[in-house]
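Summary of the model geometry
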Amino acid sequence: MAFKAVMVDLKGDQVEAKVKDISEDQLPKGEVLIKVAYSSVNFKDGLAGLKDGKIVQSYPFIPGIDLSGTVESSDDSRFQKGDKVIATSYDIGVTHFGGYSEYARIPADWVVPLPEGLSLREAMIFGTAGFTAGLSVHRLEKEDVTPDAGDVLVTGATGGVGSMAVAMLATKGYQVTGSTGKSSEFEYLKSLGAAHVISRDEVYDGGKIRPLDKGIWAGAVDPVGGDSLASVLSKMKQNGSVAVSGLTGGTKVPATVHPFILRGVSLLGVDSAYCAMPLREKVWKRLDSDLKPENLEDMVDREVELQDVPQAMADIIESKIRGRVLVKVAGE
């Protein structure tokens, strides 16, 4: 069986991404063969298109860290031909061929049954970004960050994780402050439910970070990291919590211990890649229920097909995307 996939390959000093014809025997090992309906473009996918992106370890390779589709065949009794499923994270799109392909073979332990109320398309509007946002909200709730506790900040709010977090928190009744470096997108964030929108310079202006600043937020969802995260920590209220999931702002966090020992602030690591399956399934079910925003479609920046994926991978690295890029492979 021949089919199409986006392959990245190293050509000299550059990574080249092109749609190519491949065969089933080129797919990696796994118990479940899935006919892919949709995938999406995440920041990690963009890194897969860069030589120094530190995502792809061997070439040629099929990127795409998430997918939804229908089981074509299965050697595992948990899944039957015709089942609708989701596969995200783990090593998909990193060391295991990913979702930018008409067919994907995935280990059964990485596959999640599609929640009954979600379509395959909706599952990938959420995708890894939506799952990460949902897991972030779940972690904040476990730390008693409730709507009554005070405002919740979302940094990088026009990105995939940020947009989803804004909408989910607003759906749950939180007063959300969205932070962005794009002044043209203030109205977009308000349309998602943000009560307040501020410039990222109001979170961190590039200057010296105070060990402890005025307490402003009860909680925060931070997909940015870096200096911005250090500033966010210094501005948390007593017993506030920050759920951190990203590094677009850098990997070094020049913080002090003061927010932790003087205000009881909690820094919550959000690991969407290797999240345990019981919690993974629980969060996906919540994305089909109380965390599902009514304005889900509004977060789709664009819908592309396989031939458009290389450009979308470049665009997400250059911050040219608002919200989510949905990749239509075969459709519903």
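Each chain carries its own residue numbering, running from 1 in the written order of its sequence. The predicted nature of this model means local features are confined to residues of pLDDT at least 70 and side-chain atom pairs, given and counted, to a pLDDT of 80 or more, with totals for whole chains, interfaces and linings taken over all residues. Water and hydrogen atoms were dropped before computing side-chain values, which therefore reflect all heavy atoms in the structure.

The name recorded for the protein chain in an unreviewed UniProt entry is Quinone oxidoreductase, from Jeotgalibacillus malaysiensis.

Some remarks on the pattern of salt bridges
Side-chain pairing between opposite charges can occur once the charged atoms of the two side chains come close. Applied cut-off: The working definition used for a salt bridge is a side-chain nitrogen of Lys or Arg within 4 Å of a carboxyl oxygen of Asp or Glu. Secondary structure follows DSSP: runs of H or I at least 4 residues long count as helices, runs of E at least 2 residues long count as strands, and numbering of each begins at the N terminus. For every residue, the accessible area (1.4 Å probe, protein chains only) is compared with the maximum for its type, and the residue is labelled buried under 20%, exposed over 50%, or partly exposed between those bounds.
Summed over the entire model, instances satisfying the criterion amount to 20 salt bridges. Here Arg121 ties to Glu303 by a salt bridge, and the two come within 2.8 Å at their closest N and O atoms. Taken together, the residues span a long stretch of sequence, with Arg121 in helix H2 (residues 120-142) and Glu303 in strand S14 (residues 300-304) at a distance of 182 residues. We classify Arg121 as buried; its relative accessible area is 19%. Judged by relative accessible area, which is 37%, Glu303 ranks as partly exposed. A single salt-bridge network, built from bridges that share partners, covers Glu141, Lys172, Arg286 and Asp290.

Observations regarding the sheet that holds strand S9 (residues 176-180)
Note the threshold: Two strands form a pair only when DSSP identifies at least two bridges running between them. All axes are obtained by fitting lines to C-alpha atoms, using only the stretch in contact for helices, and the reported angles, taken between N-to-C directions, cover 0 to 180 degrees.
On the basis of which strands lie adjacent, the open sheet formed by six strands has the order S10-S9-S8-S11-S12-S13 and parallel pairing. In this open sheet, the two strands that pair with only one neighbour each are strand S10 (196-199) and strand S13 (266-269). Across this sheet, the average inter-strand angle for adjacent strands is 20 degrees, counted without regard to direction. Taken together, the four bridges between strand S12 (residues 236-244) and S13 define a ladder with parallel strand orientation. Among the inter-strand pairings, Val242 is bridged to a residue of S13, identified as Leu267.

What about the pairing of S9?
Put simply, the test is: For a crossover, the right-handed case is the one in which the path from the first strand over the helix to the second runs clockwise, viewed with the strands pointing away from the viewer.
Burial of S9 is extensive: five of the five residues sit out of reach of the surface. Neither face of S9 is open: one carries Val176, Gly178 and Thr180, the other Thr177 and Ser179, and all of them are buried. Direction of pairing for strand S8 (residues 152-154) relative to S9: parallel, over a ladder of three bridges. Bridged to Val154 within S9 is Gly178. Running through helix H3 (residues 160-171), the crossover from S8 to the neighbouring parallel element S9 is right-handed. Note: S9 against S10, four bridges, orientation parallel. Along S10, the bridge assignment pairs Thr177 with His196.

Focus: the domain arrangement of the protein chain
Selection rule: All domain edges in this entry derive from an automatic or database-based domain assignment. We call two residues in contact whenever any of their non-hydrogen atoms come within 4.5 Å of each other. The term buried area refers to how much accessible surface (probe radius 1.4 Å) is lost by two components on association, counted for both of them together. By the criterion applied in these results, polar contacts are pairs of N or O atoms within 3.5 Å in which, for protein atoms, one can donate a hydrogen and the other can accept it, and in which residues neighboring in sequence qualify only through two side-chain atoms. Each residue is assigned to one class: nonpolar for Ala, Val, Leu, Ile, Met, Phe, Trp, Tyr, Cys and Pro, charged for Asp, Glu, Lys and Arg, and polar for all the others, Gly among them.
According to the domain assignment, the protein chain contains domain 1 (2-114 + 295-328) and domain 2 (128-269). The C-alpha centroid of domain 2 is placed 29 Å from the C-alpha centroid of domain 1. Counting residues at the interface gives 15 residues for domain 1, matched by 14 residues for domain 2. When domain 1 packs against domain 2, close to 1200 Å² is buried across both sides, 58% of that on carbon and sulfur atoms. At the junction of domain 1 and domain 2, the tally comes to one salt bridge. Where Glu185 meets Arg322, a salt bridge forms, and the shortest distance between an N and an O atom there is 3.0 Å. Put simply, domain 1 and domain 2 have seven residue pairs in polar contact (both at pLDDT 80 or more) between them. Considered class by class, the residues forming the side of domain 1 that touches domain 2 number five nonpolar, six polar and four charged.

Section: the side chain of Ser234
Take Ser234: it is sitting in helix H5 (residues 226-234). Residue Ser234 is classed as buried on the basis of its relative accessible area of 1%. Within the structure, the side chain of Ser234 is placed 2.7 Å from the backbone oxygen of Ser231, a separation counted as a polar contact. When neighbours within four sequence positions are excluded, Ser234 is seen to be in contact with Ile209, Arg210, Pro211, Leu212, Asp213, Lys214, Pro259 and Arg263.

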